[in-house]
Amino acid sequence: MPTDDDKPEAGTPPPGGAPPPAPKPPVKPPDPLLAVVPCPALDRLREMLPGRVGDPHFFAGEITLKVAPDHLLEVCRFLRQDPACGFELLVDLTGTDFPDEEKRFRVVYHLASLRNGQRLRLRTEVGEGDSLASVTPIWPGANWFEREAFDLLGIHFAGHPRLVRILMPDDWVGHPLRKDYPLPGYPEHHLRYRTADVTRRSYVDISWKAAGERAAAIVKKYKGQVGAPESAPHVPMPVDETSGQKTGD
Amino acid sequence: MFRTQEMEINMGPQHPSTHGVLRLKLRLDGERVIDVWPVIGYLHRGIEKLAESKEFVKITPFTDRMDYVCAMSGNLAYLGAVEKLCGIKVPEKANYIRVIMVELNRIASHLLWLGTHALDIGAMSIFLYTFREREMILDLFEAYCGARLTYNAFRISGVPADLPPGWKEECLGFLKLFRQRHHEYEQILSANRIWLKRTKGVGYMDAEQCLALSVTGPVLRAAGVARDLRKDEPYAIYDQLEFDVPVDDGCDTYARYLVRMAEMLQAVRMVEQCLEKMPSEGPLMGMRGRKMRPRKDEEVYFAIEGPRGEQGVYLISDGTDRPYRCKFRNSSFANLQALAPMVQGGLVADVVAVIGTLDIVLGDSDR
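Fair warning: this is a prediction, and the values are worked out from it, not measured in the lab.

**Student:** Would you mind going over the environment of L284 of chain B with me for this structure?
**Tutor:** Residue and element names in this part refer to chain B. Along the chain, L284 turns up in the loop between α11 (253-277) and β4 (296-306). Linking L284 and P160, residues 124 residues apart in sequence, is a C-alpha distance of 6.8 Å. Setting aside residues no more than four positions away along its own chain, L284 makes contact with P91, K93, A94, I97, S157, G158, V159, A161 and D162.

Following this line, the structure appears as structure tokens:
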């Protein structure tokens, strides 16, 4: 039963009916989301470093450019230093796990140029055991972003000044944003925070009567010794004999 | 005769001036800070992992819990990304309401910053005044959406409700009052000798360093760079509003104070214009299906100018109604990197001032 969201395919023949003799190709207006946007930096990059980057992909006014991991540093350095590109701001760096693909992690770099008013997304791929060149020499701000990608996905960045975990505890096992990491976490981690041992704790008798007796016993034990107050004898708390509870104020 | 010894001191995570649960490992030489290693992650709730298992509509409340001081901005950044991914148009009136709420929340966020920042440095009274005005804004929010901190006030493709009757007059009354109160804050602080001593030249960071460390927002604008996404890449209806981008080239804590103070007045201007220009009739929600069906294997990044800087959301779709990946680029996380270069060589007491001037929210940085 198709709902209002599940529209049937335009060219699907009705079941049981004869197939239409000549299916006309449906004339669709071009999707505005896929419109090509001009980007001078992109033209400059493809002119100066031919063959280093793939074809750009346009979606919703954004440009995505695929770069091979081997050429990453070269392309980044060019984009940072060339005056026509001038991407002086690394806005974001993050990774995504695609476990079914040959190279497991996709890493994206969101760049922005203030002086030219452009944005660009670089995209590269890296396998699980491989490492990717760190861009901290070009944008020092990549430091924490790369630590985060290492922490949550386990992507290794070669040349990073100190690649340690940032959001998870240092002794954490596993990388939570990987798709094979279970959403509730591993059971070992649950055991850490089990509260059963705490709730089963038995308490000593702390009624006022018992406390008064214990205090009297202590005073008796130390009576006459150095430091024990001779002149101020211990006055036990007033105790209600029937309930054992403190009476009055 | 004199012997110096380096000392390692822990500051936080329960230190009152760290604005949440930030821990700093300070390496000190007497009163001088040699190095600092910030430890974050105490508030990490795995929102990005959670978001991968939820429908697009169900992720909006998470964005309230990240930057809880300015939850409206978080909502707007996330919804803007979803609308960009699915190609949804937002009606004009809904955009006006969104901008009113976001700008009011920017004032509230800056008021909280001003109060706590001044309190950390030692000015007690301003804290009481700013929270008095912030309370009025929260009352306005409560009248609109029922919540005072985690609003969840917008929906995909629009806003759920019109402004309640009488709200506009209340808001205009508040804005009028706020202009006077803003003048009072400036009288208390701007020429205060203690305030100047504690902020001038403290936490110096120039434009080049800011850009290298991915620092955005008022910190970058106080270094002389007029970077404001509301002007540079206008979203919603910011291209129809008249406002200035306050810039200062002092590069220090005092310059950031001036920039944020001026931003509050610009926000007041914007809200006033919005209330005046807002169409009285019109749809509040745009056209969309019951389920989000974005194109398969596409990715978008959408960013807004939050009170702390560029607040972006990066989404990857796999054609279903859930995101394959949802990454929040939060400004507190990026700006916190600037802490170490700002405090190195300074005094221990200035660490507190620098934390305040960066205006971090730990829920924002830890996610």
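**Student:** Could you clarify how one ought to interpret the environment of D244 of chain B in this entry?
**Tutor:** Locating D244 of chain B in the fold gives a position in the loop between α10 (229-232) and α11. Of note is the side chain of D244 of chain B, whose polar atom sits 3.3 Å from the side chain of R269 of chain B.

**Student:** Whenever I open this one, the interface of chain B and chain A confuses me. Can you help?
**Tutor:** How big an interface is tends to be expressed through the accessible area that disappears when the partners come together. With 48 residues of chain B in contact, the opposing surface of chain A contributes 52 residues. At the boundary of chain B with chain A, total buried surface from both sides reaches about 4,200 Å², with 57% on carbon and sulfur atoms. Considering only the side of chain B, the residues that lose the most area to chain A are K49, E299 and Y324 of chain B, jointly responsible for 16% of the buried surface there. Here E299 of chain B ties to R123 of chain A by a salt bridge, and the two come within 3.0 Å at their closest N and O atoms. For the pair chain B and chain A, the number of links is 21 residue pairs in polar contact (both at pLDDT 80 or more). The element best represented in the side of chain B that touches chain A is β4 of chain B, accounting for five residues.

**Student:** I keep staring at the layout of surface pockets and nothing clicks. Help me out?
**Tutor:** Here the largest pocket defines a volume of roughly 1,000 Å³. Around the largest pocket, the lining comprises 33 residues; the ones closest to its centre are A60 of chain A together with K84, P234, Y235 and F302 of chain B. Of all the secondary structure elements, the ones that give two or more residues to the lining of the largest pocket are β2 (62-66), β4 (105-113) and β5 (118-126) of chain A together with α3 (71-86), α4 (92-121) and β4 of chain B. A class-by-class count of the residues in the lining of the largest pocket yields 17 nonpolar, seven polar and nine charged.

What counts as what
Residues numbered from 1 in each chain as written. Chains lettered and ligands numbered in written order. Predicted model: local features only at pLDDT ≥ 70, side-chain atom pairs only at ≥ 80, totals over all residues. Heavy atoms only, no water. Helix = DSSP H or I, 4+ residues; strand = E, 2+ residues; numbered from the N terminus. Contact = heavy atoms within 4.5 Å. Polar contact = N/O pair within 3.5 Å; in protein donor to acceptor, adjacent residues only side chain to side chain. Buried area = accessible area lost by both parts, 1.4 Å probe. Salt bridge = Lys/Arg side-chain N within 4 Å of Asp/Glu carboxyl O. 1 Å grid on protein atoms, 1.4 Å probe; cavity = no way out; pocket = protein on both sides within 12 Å on 5 of 7 lines; lining within 4 Å. Points joined across faces, edges and corners; volume = space filled by probe spheres on them. Nonpolar A, V, L, I, M, F, W, Y, C, P; charged D, E, K, R; others polar.

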